[in-house]
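Geometric and topological summary
One-letter residues, chain by chain:
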Amino acid sequence: MNNFEQYRRRFLGGALATAGAAMVPGLMLVEMAHSRAPEEAVSSKNRWGLLIDTTKCASGCTECVTACNTEHGLSGKTGPQDAQWIRKVELTHKKSGAQHSLPVMCQHCEEPPCVDVCPTGASFKRADGIVLVDRHICIGCRYCMMACPYKARSLVHEDLNDTQLAHMPRGKGCVESCTLCVHKIDAGENTTACAQACPEQAILFGDLNDAGSEIAQRLATYASKEIRADLGLNTGVRYTGI
Amino acid sequence: MQIINREIEGNSAGYWALLGGLGALILIGLFAAYNMEHHGHVITGMNNQIVWGLPHVFAVFLVVAASGALNVASVAGVFGKKAYKPLAPLSALLAIALLAGGLAVLMLDLGRADRAIITAWEVNPTSVFSWNVVLYSGFFGFTAAYLWTMLDKTAKPFYGFAAYGAFIWRLILTTGTGLIFGFLVARQAFGTALLAPKFIVFSLLYGTAIYVLVLMPAYIWGQRALGDEVLRRLKNMLVVFIAASFYMTLVYHLTNVYFAKQWDFERFILQDGGIYTILFWLGQVVIGYLVPFILLVAPNTRNSRSMLMASAVMIVLGALAQMYVTIVGGQAFPLEMFPGFIEKSSFFDGEIHAYTPSHWEWMLGIGGTAIALAMVVFAVKVLRILPESLADDVVDPHAKK
Ligand code: SF4
Ligand code: SF4
């Protein structure tokens, strides 16, 4: 099995993984509370997400963006046709002048419009809430880009010239977006490149379904926001401080 | 007098030159598609902000016009208006050809056009796109069957069924096309159920205009008689459809203005949008509605054939402007993620998005239009599409003079 194929199987939560999980049930139970072991199948027991504290996020800092680009082999260029999976948005309140800085990436919606509109099912949501594009069946129609309220997606406009990394297959003519570092989660790493890179610890990764996790507890304690909450998409990425 | 539909001669140098010219345009379009596939969409003006560009303007125009082109046939087949019967075969043929041209553009523009066929088996039942794949196939099926029942006497028993089927299907088809945009709830410009009826009304206007644009040259070049009666009927249809389109446009924008949330977007299109504002007022409203309307009703011009032809050309130009404003203008206006805040980012948040179509996109769009026209030019030679004569006494012997 080459790397790509291996990735694809994990990606789709293959049957092999289910079998693996069934063989070591005892071990699993202990593990489950915090993260998902690599052998275990993707399931709706988890709902992975991010909590972004905008009061910590520094204006002008782009460490998370750089880390994401490096992690996934993106060029980091910011022309209109270049792919950006995560970007820093600088906000100024029209009346008060209050300023905020925050990263925006795919919000991993529970009700993802991108998945609803995709004609082939290439855009899909895993049981654990991660929204991905299956690059093997994406036809590059860009309907998902039209549908996403967060402009989270990019089309690969030109040849990638072997800049691809083994764990992150990409392709000219296909659409892509933040994967919530699915390869890390599937390897049991339990974090994302952006969360690791943030010098201010403004990005917290975790399992929204696990009441004991830090992210769930913080969400239960402090007021948080979804971007465009009015659309009722129940995003997996939440913000505090705005 | 019996109306006889007959193949055109199609042996003149002019005929072959026309077909050859269209063939060349098709090749140019395919060449553009090849390049977009080979180099990627980097050679187009489209980007991650304006994701649907000029190809979609042409494609949606052709698809919408296709369903409208069937209108003449529906008037004959469904509403039983005898005078329109001889005109019906061309109407059905145009519908098929325009849809084929539009779909060709849509497919060749895909990031992975080589995978287009995947849509046939990887069907996502929630996707309006997937529904449209079914709708397009059904439209081809019904309209082809309808055409067949008109051309083949032995198929007569199915005429009514096919006529109704095609009529109902075309309404669903245009609704489906409108819904592609109507379902984009997050975007200020779209996300309204009004888009579907709006598209149906527009389709009547665009389809009828193209019908006129094909019928008149066909009869002039084919040296067949074309009486005033037929043209008068088509002209009257255009007048009604212009008025209806104008009304729909008005209602759409007034509703948007009424909802305060859409006010910024309306101000963009109607007042500050630069090219989009110009295209809206000058293209869609003045060239697309006002001038042709005046030409078609004013006493001095309403009986002139050249003015009818000119009006049809202007309606088509207005239609392309309308599609450009709707599709590209709708994307150029930035998504509002944080109400009350000014947004800035490396991904062009909070800015009006720029778009300049490249020559490749023009080539693809025009190539698709050429596919539709070439199909018509070829079909009238091999099928009995056009009546030998559309002189007044043939069309409607009892018409009052
Ligand atoms: S943020 Fe956009 S791309 Fe991500 S799941 Fe939601 S709709 Fe899809
Ligand atoms: S671009 Fe790809 S993922 Fe997006 S809607 Fe089209 S086929 Fe689906």
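Just so you know, these numbers come straight off a predicted model, no measurement behind them.

Further remarks concern the nonpolar core. As a rule of thumb, nonpolar side chains are buried together in soluble globular proteins. Grouped together as the largest cluster of nonpolar side chains are 185 residues, with contacts concentrated most on Y143 of chain A together with F181 and Y206 of chain B. The biggest single contributor to this core is helix α7 (residues 195-221) of chain B, with 15 residues. Leave out the neighbours within four places in its chain, and Y206 of chain B touches F61, V64, A65, I315, A319, Q322 and M323 of chain B. L51, L208, I215 and L219 of chain A belong to the second-largest nonpolar core, a separate cluster that totals five residues.

In this section: the site of ligand 1. By nearness alone, every residue bordering ligand 1 is listed as C106, Q107, H108, C109, P112, P113, C114, V131, C148, P149, Y150 and R153 of chain A. Of the residues in the shell around ligand 1, the class split is nine nonpolar, two polar and one charged.

Time to look at the site of ligand 2. With respect to spatial proximity, 13 residues lie near ligand 2, and among them C118, C138, C141, R142 and C144 of chain A are the closest. For the shell around ligand 2, the class distribution of residues is nine nonpolar, three polar and one charged.

In this section: the interface of chain A and chain B. Taken residue by residue, the interface counts 56 residues in chain A and 56 residues in chain B. For the pair chain A and chain B, the summed buried surface comes to about 4700 Å²; carbon and sulfur atoms form 57% of the total. On the chain A side of the contact with chain B, Y143, M146 and K151 of chain A bury the most area, a combined 18% of that side's loss. In this assembly, chain A and chain B are joined by two salt bridges. Of the charged contacts, one joins D349 of chain B and R87 of chain A as a salt bridge, the two residues approaching to 2.5 Å between their closest N and O atoms. Put simply, chain A and chain B have 36 residue pairs in polar contact (both at pLDDT 80 or more) between them. Of all the secondary structure elements, the ones that give two or more residues to the side of chain A that touches chain B are β2 (86-93), β3 (99-105), α5 (113-117), α6 (143-147) and β6 (154-155) of chain A. Element by element, the count of residues in the side of chain A that touches chain B is highest for β2 of chain A, at seven residues.

Here the focus is the packing of helix α4 (residues 88-108) of chain B against helix α5 (residues 128-151) of chain B. Residues and elements named next belong to chain B. For the pair α4 and α5, interaxial distance at closest approach is 9 Å and the crossing angle is 155°. When the axis of α4 is compared with that of α5, the two are roughly antiparallel. Regarding α4 and α5, the two cross each other, and that crossing is left-handed. Contacts from A88, P89, A92, L93, A95, I96, L99, A100, L103 and L106 in α4 reach Y136, F139, F140, T143, A144, L147, M150 and L151 in α5. Its residues assigned to classes, the contact of α4 with α5 comprises 17 nonpolar, one polar and no charged.

Here we come to the state of the cysteines. Residue and element names in this part refer to chain A. According to the stated counting rule, one finds zero disulfides over all chains in the structure shown. C181 supplies the cysteine sulfur nearest to C68, a cysteine that is in no disulfide, at a spacing of 6.4 Å. Note on C68: relative accessible area 8%, which makes it buried.

Next up on the list: the sheet that holds β2 of chain A. The strand order across the open sheet built from three strands is β3(A)-β2(A)-β2(B), with neighbouring strands paired in antiparallel fashion. Either end of the sheet is taken by a strand with one partner, and the two such strands are β3 of chain A together with β2 (341-345) of chain B. Taken pair by pair, the neighbouring strands of this sheet meet at an average axis angle of 30°, ignoring direction. Examined bridge by bridge, β2 of chain A and β2 of chain B share five bridges and lie antiparallel to one another. Residue pairing for β2 of chain B: V89 of chain A is matched across the bridge by S345 of chain B. Strands in contact with helix α4 (residues 63-72) of chain A are β2 and β3 of chain A; relative to β2 of chain A, the strand with the most contacts, it is inclined by about 160°.

Per the stated rule, a full pass over the model turns up 16 salt bridges over all chains. A salt bridge links D159 of chain A to K172 of chain A, with the shortest nitrogen-to-oxygen separation between them at 3.7 Å. Here D159 of chain A is found in the loop between β6 and β7 (175-176), whereas its partner K172 of chain A is found in the loop between β6 and β7, with 13 residues between them in sequence. The class for D159 of chain A is partly exposed, based on a relative accessible area of 45%. Note that D228 of chain B is salt-bridged to R305 of chain B, the shortest N-O span being 2.9 Å. Taken together, the positions of D228 of chain B in helix α8 (residues 228-258) and R305 of chain B in helix α11 (residues 305-332) put the pair 77 residues apart, joining distant regions of the chain. Classification of D228 of chain B as partly exposed rests on a relative accessible area of 47%. We classify R305 of chain B as partly exposed; its relative accessible area is 33%. When salt bridges that share partners are traced, they join E71, K184 and E189 of chain A into one network.

Here we come to the sheet that holds strand β9 (residues 237-240) of chain A. All names here are of chain A. Sheet architecture is open: three strands sit in the order β8-β1-β9, paired in mixed fashion. The sheet terminates laterally at β8 (203-207) and β9, the two strands that pair on one side only. Shown here is a sheet whose adjacent strand axes are inclined to one another by a mean of 25°, direction ignored. Running at roughly 105° to β8, helix α9 (residues 214-221) makes contact with β1 (48-53), β8 and β9 of the sheet.

What follows covers the packing of aromatic side chains. Residues and elements named next belong to chain B. One pass over the full model with this rule turns up 24 aromatic pairs over all chains. A ring pair is formed by W148 and F158, whose centres lie 6.3 Å apart and whose planes are at 15°; its orientation type is stacked. Of the two residues, W148 sits in helix α5 while F158 sits in the loop between α5 and α6 (159-182), which places them ten residues apart along the sequence. A relative accessible area of 44% places W148 in the partly exposed class. Taking 5.4 Å as the distance between ring centres and 40° as the angle between the ring planes, the aromatic pair formed by F268 and F333 counts as tilted.

Here is what the cut-offs are and how they apply
- Residues numbered from 1 in each chain as written.
- Chains lettered and ligands numbered in written order.
- Predicted model: local features only at pLDDT ≥ 70, side-chain atom pairs only at ≥ 80, totals over all residues.
- Heavy atoms only, no water.
- Core = buried A, V, L, I, M, F, W, Y, C linked by side-chain atoms within 4.5 Å.
- Buried < 20%, exposed > 50% of the residue type's maximum accessible area, 1.4 Å probe, protein only.
- Helix = DSSP H or I, 4+ residues; strand = E, 2+ residues; numbered from the N terminus.
- Contact = heavy atoms within 4.5 Å.
- Near = heavy atom within 4 Å.
- Nonpolar A, V, L, I, M, F, W, Y, C, P; charged D, E, K, R; others polar.
- Buried area = accessible area lost by both parts, 1.4 Å probe.
- Salt bridge = Lys/Arg side-chain N within 4 Å of Asp/Glu carboxyl O.
- Polar contact = N/O pair within 3.5 Å; in protein donor to acceptor, adjacent residues only side chain to side chain.
- Axes fitted to C-alpha atoms, helices over the stretch in contact; angles between N-to-C directions.
- Parallel < 35°, antiparallel > 145°, perpendicular 65-115°, else oblique.
- Left-handed = near helix turned anticlockwise from the far one by under 90°.
- Disulfide = S-S within 2.5 Å.
- Pairing = 2+ DSSP bridges.
- Phe/Tyr/Trp six-rings, centres within 6.5 Å; stacked < 30°, edge-to-face > 60°.

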